[in-house]
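These are the residues of each chain, in order.
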There are 2 protein chains.
Amino acid sequence: MWKRHSVCNQLNIDHPVIQAGMAGGVTTPALVSAVSNAGGLGNLGAGYMTPEAMVHTIKEIKQSTSRTFGVNVFVPQYPQSTAEEIAHANKWLEPYRSELGIELAPTPKQDTSIFEKQVEALMREQVPVVSFTFGVPPVEVINDLKKAGVVVIGTATTVEEAIINEEQGMDMVVAQGSEAGGHRGTFAGSFNQAMIGTMSLVPQVTDHVEIPVIASGGIMDGRGVKAALALGAQAAQLGTAFVTCQESGAKAQHKEAILNTKETDTVVTSVFSGKPARGIRNSFIEEMEKGAGGNLLAYPLQNMLTKEIRKEAASQNRPEYMSLWSGQSPRLSTSQSASSIVESIVSYVDSKAP
Amino acid sequence: MWKRHSVCNQLNIDHPVIQAGMAGGVTTPALVSAVSNAGGLGNLGAGYMTPEAMVHTIKEIKQSTSRTFGVNVFVPQYPQSTAEEIAHANKWLEPYRSELGIELAPTPKQDTSIFEKQVEALMREQVPVVSFTFGVPPVEVINDLKKAGVVVIGTATTVEEAIINEEQGMDMVVAQGSEAGGHRGTFAGSFNQAMIGTMSLVPQVTDHVEIPVIASGGIMDGRGVKAALALGAQAAQLGTAFVTCQESGAKAQHKEAILNTKETDTVVTSVFSGKPARGIRNSFIEEMEKGAGGNLLAYPLQNMLTKEIRKEAASQNRPEYMSLWSGQSPRLSTSQSASSIVESIVSYVDSKAP
């Protein structure tokens, strides 16, 4: 019955349920393939991956599923920082490094060829669906992918951004509401002004674009997916719901934090990466928000500076220094399997419940 | 068919569509009765009304409808301000008074008996439904109203606030998402932490209370109402959607502003009333947010200070100094009649659309 949704036809999936391509190790091959095998769309979050690691993981996914899956990549930006700015930013991180026994402060370096190499690899591997966060890629990239038969999906946090995605040739667009966990996809205009709740964002976006809209932000179960479809979306994308599931590669402390958190405990902060993202409030956020505000580097430089801190914090079991990304619906999180998440959604949406 | 919703039975209405009891002259007897006559629940926003004016308006409503209607009142709070604080707050407002030709700065005075008199009048007038914003009233008030057969409805912006409403005996609770226009109903905990999107708030609230939940925030049409029901709400409450309708008593500039605004143009601010409320960004907000932040009086004192400015701004056609309350879905606003809003919602929700 859901085949009537054009996204299901276009993506060749059974159910309009998409697992968000979260970067940072959450989207294991087991998770991606479990979602795709259950009839949804699994997505590898390859934003931070080298092309080589990405290809390796894609091959693993292909061994576990013959169904459609996708890969999410980040449209790159190359901000400049002076040595002085880097020193300032590192100064604020010194107490955490000291606490965790990290000796060296890194000097952030950007490889400006990664995105191009990622795209080449995605074409070579014939990945069926590629989605983008943090902007719209160059039109040649979009055209090359589409010529190769790849379905391309963009991200928007406002009506204007959705229109840009459509105009630039994206096949579909994810409308990311303010409830969403992790990074805000905002790329045109102010982050603050683009904090639009999913209930408001989705119908306003669907009224202004012809391409299919995928709702995201706060959606955790069949109720949210059914609501998204009622609002005019053709599918729903879930992130946090899959972070805590069995196949997720999220750190144990991250899963535990979401499973034990209230809806009032998340906050949007730039202190981890230099770009606003929603996660569970902890000491690192609280302390850094107080002092470091004006001394953060731009994304992705700040992310490089905090990487070792986040990694060491996880291995030393100090969740107060980790980035615990979560949307605003943590009370709805569960530790079931990915396939049972998809199945319970399908069963609710197909039911006669309102 | 919708009679299966227990709120429809309890309220004796045909459709789970509630017009929010917005204060400040929007909810004319024509609006309230049009919504109730169309099978929804019209509500008089009596928060700022004297008991006498409220009774007068209730009598007018009764002449226009024999259906159930409600009245919304504010649970009062009595903050203290020193003469010095009042002088500071007035200093920031001086430029606007000067610009508009207002000579006297008011000294805010609170009548601590108004709420009690409002409740007495509501009982005397046998108003069938009474809703509360800004907290839960004293338990004796709740018990008296319930003994008199009145259905009492509270407001919550978090799960915790919904539980408090239930524990104190409220019959139903409005879950107000962050998209909502006008004042935030937050009364327990921090306003910032209670900015939960409707998509996240409603299912988390319905999981934690037994009383019926009414969804609000960003809902403007049948899509939103259908989504609210999918999320587990028993009804949906719409505010902004009715501000621009024909029977609304909102100022012409207020209606025009909403009809011509984008989803990115609203902001939550305390500068008008001393309490966070969502409205369309204008000069008054931008200038006051920059300078006056620490010098605002607490609600409702700040509201008293700005009252004359807002009134004069409207009569001199200076919308840049008015409070233009709006939720995050202004692109969905229309200037149709209240009954046609209700009818088009009912027709969408009853349709086979997803």
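Residues numbered from 1 in each chain as written. Chains lettered and ligands numbered in written order. Predicted model: local features only at pLDDT ≥ 70, side-chain atom pairs only at ≥ 80, totals over all residues. Heavy atoms only, no water.

## Notes on the overall build of chain A
Basically, it comes down to this: For the purposes of this entry, the term helix denotes a DSSP run of H or I that reaches at least four residues, the term strand denotes a run of E that reaches at least two, and both are numbered from the N terminus. Put simply, the radius of gyration uses C-alpha atoms, and a globule should come to 2.2 Å times the residue count raised to 0.38. Burial status follows relative accessibility: with a 1.4 Å probe on protein chains alone, a residue under 20% of its type maximum counts as buried, one over 50% as exposed, and anything between as partly exposed. Here, two residues are considered to be in contact whenever any of their heavy atoms come within 4.5 Å of each other. For the accessible areas, the method is Shrake-Rupley and the probe is 1.4 Å, while residue cover comes only from the protein chains on display. Positive charge is attributed to Lys and Arg, negative charge to Asp and Glu, and no charge count is given to His or to the chain ends. Charge positions are represented by NZ for Lys, CZ for Arg, CG for Asp and CD for Glu.
The secondary structure content of chain A amounts to 14 helices and 11 strands. At 19 Å, chain A has a C-alpha radius of gyration in line with the 20 Å of a compact globule built from 354 residues. Referenced to the eigenvectors of the C-alpha coordinate spread, the extents of chain A come out at roughly 55 × 45 × 40 Å. Within chain A, the fraction of its 354 residues that count as buried is 61%. The long-range fraction of contacts in chain A, counting pairs at least 24 apart against all pairs at least 6 apart in sequence, stands at 67%. With an accessible surface of roughly 13,300 Å², chain A has 49% of that area assigned to carbon and sulfur atoms. Each charge class in chain A can be summarised by its mean position, and for the 28 positive and 35 negative side chains these summaries are 4 Å apart.

## Points about the packing of aromatic side chains
Heads up, the condition is: Working definition: a ring pair exists when centres of Phe, Tyr or Trp rings (six-membered ring for Trp) sit within 6.5 Å. Plane angles under 30 degrees give stacked, over 60 give edge-to-face, the rest tilted. Two conditions define a charge located above a ring, namely a distance within 6 Å from the ring centre to NZ of Lys or CZ of Arg, and an angle within 35 degrees of the ring normal.
Within this structure, the stated rule accounts for 16 aromatic pairs over all chains. With a centroid separation of 4.8 Å and 20° between ring planes, the pair formed by B:F272 and B:F284 is classed as stacked. Placement of the pair is B:F272 in the loop between β10 (266–269) and β11 (277–280) and B:F284 in helix α12 (residues 283–291), with a sequence separation of 12 residues. You can call B:F272 buried: its relative accessible area is 1%. Here B:F284 falls in the buried class, since its relative accessible area comes to 0%. Members of the aromatic cluster, joined through ring pairs, are A:Y96, A:F272, A:F284, A:Y321 and A:W325. Taking NZ or CZ as reference, B:K91 lies 5.6 Å from the ring centre of B:W92, over its face.

## Observations concerning the pairing of strand β4 (residues 129–133) of chain A
Residues and elements named next belong to chain A. Definition in use: Note on pairing: two strands pair once DSSP finds at least 2 bridges between them.
For β4, a buried count of five out of five residues is recorded, marking the element as mostly surrounded by other parts of the structure. Alternating positions in β4 separate into two faces, V129, S131 and T133 on one and V130 and F132 on the other, with burial throughout. Bridge count for strand β3 (residues 69–74) against β4 is five bridges, and the pairing is parallel. Bridge assignment links F74 to a residue of β4, and that residue is T133. Note that β4 and strand β5 (residues 151–156) share three bridges and pair parallel. Counted as the bridge partner of V130 is V152 from β5.

## Some remarks on the packing of helix α5 (residues 114–124) of chain A against helix α6 (residues 139–147) of chain A
Residues and elements named next belong to chain A. Inclusion rule: Throughout, an axis means a line fitted to C-alpha atoms (over the contacting stretch in the case of helices), and angles, computed between N-to-C directions, take values from 0 to 180 degrees. Working definition: roughly parallel below 35 degrees, roughly antiparallel above 145 degrees, roughly perpendicular at 65 to 115 degrees, and oblique for all remaining angles. Residue type decides the class: Asp, Glu, Lys and Arg count as charged, Ala, Val, Leu, Ile, Met, Phe, Trp, Tyr, Cys and Pro as nonpolar, and the leftover types, Gly among them, as polar.
Taken N-terminus to C-terminus, the directions of α5 and α6 make an angle of 10°; their axes are 10 Å apart at the nearest point. The angle between α5 and α6 places the two elements in the roughly parallel class. Where α5 approaches α6, its residues F115, V119 and M123 are matched on the opposing element by V141, D144 and L145. When grouped by side-chain class, the residues that make up the contact of α5 with α6 number five nonpolar, no polar and one charged.

## Focus: the nonpolar core
Condition: The nonpolar core is taken to be a set of buried Ala, Val, Leu, Ile, Met, Phe, Trp, Tyr and Cys residues, with the residues joined through side-chain atoms within 4.5 Å.
The biggest cluster of nonpolar side chains holds 142 residues, and the ones touching the most others in it are A:L238, A:F242, B:L238, B:F242 and B:F284. Not counting residues within four places of it along the chain, the set of residues in contact with A:F242 comprises A:I18, A:Q19, A:M22, A:L31, A:V35, A:S248, A:A338, A:I341 and A:V342.

## Things to note about the interface of chain A and chain B
How big an interface is tends to be stated in terms of accessible area lost as the parts join. Basically, it comes down to this: By buried area we mean how much accessible surface two parts lose on assembly, using a 1.4 Å probe and totalling the loss over both. Salt bridge, as used here, is a side-chain nitrogen of Lys or Arg placed within 4 Å of a carboxyl oxygen of Asp or Glu. Any pair of nitrogen or oxygen atoms within 3.5 Å is treated as a polar contact; in protein, a donor-acceptor pairing is required on top of that, and neighbouring residues in sequence qualify only through side-chain atoms on both sides.
Facing the 39 residues of chain A at the interface are 40 residues of chain B. Counting each side, the surface lost to burial between chain A and chain B is near 3,200 Å², with a carbon and sulfur contribution of 56%. The interface formed by chain A and chain B holds two salt bridges in total. The shortest N-O distance in the salt bridge between A:D207 and B:R223 comes to 2.9 Å. Linking chain A with chain B are 20 residue pairs in polar contact (both at pLDDT 80 or more), by the criterion used here. Listing elements by their share of the side of chain A that touches chain B, those giving two or more residues are α7 (159–167), α8 (198–206) and α9 (222–230) of chain A. The greatest single-element share of the side of chain A that touches chain B, amounting to seven residues, is contributed by α9(A).

## Brief notes about the packing of helix α3 (residues 51–64) of chain B against helix α5 (residues 114–124) of chain B
Residue and element names in this part refer to chain B. Note the cut-off: By convention the crossing between two helices is left-handed if the near helix lies anticlockwise of the far one by an angle smaller than a right angle, and right-handed if it lies clockwise.
Orientation of α3 relative to α5, taken along the N-to-C sense of each, is 25°, at an axis distance of 9 Å. Taken as axis vectors, α3 and α5 run roughly parallel relative to one another. Between α3 and α5 lies a crossing whose hand is right-handed. The segment α3 lies against α5, with P51, M54, V55 and I58 engaging I114, K117, Q118, A121, L122 and R124. Here the contact of α3 with α5 is composed, by residue class, of seven nonpolar, one polar and two charged.

## Let's talk about the environment of B:V129
Residue and element names in this part refer to chain B. Among the secondary structure elements, V129 is positioned in strand β4 (residues 129–133). For V129, a relative accessible area of 1% gives the class buried. Separated by 88 residues in the primary sequence, V129 and L41 place their C-alpha atoms 9.2 Å from one another. Not counting residues up to four positions away in its chain, the partners in contact with V129 are L11, L41, T68, F69, G70, V71, V150, V151 and I153.

## Brief notes about the pattern of salt bridges
Residues and elements named next belong to chain A. Under the defined criterion, the tally for this structure stands at 20 salt bridges over all chains. Salt-bridge contacts for R318 lead to E99; the nearest nitrogen and oxygen are separated by 2.9 Å. Here R318 is found in the loop between α13 (301–315) and α14 (338–350), whereas its partner E99 is found in helix α4 (residues 83–100), with 219 residues between them in sequence. A network of salt bridges, in which partner residues are shared, links K59, K62 and E125.

## Considering the sheet that holds β4(A)
Sheet strands associate in pairs through backbone hydrogen bonding, adopting either a parallel or an antiparallel arrangement. Residue and element names in this part refer to chain A. Pairing in this open sheet of eight strands is parallel, and the strands run β1-β9-β8-β6-β5-β4-β3-β2 from one edge to the other. Bordering the open sheet on either side are β1 (17–19) and β2 (42–45), each of which pairs with just one other strand. Geometrically, the sheet is characterised by an average inter-axis angle of 25° between neighbouring strands, direction not taken into account. Relative to β3, helix α3 (residues 51–64) is tilted by about 165°, and along the sheet it contacts β2 and β3.

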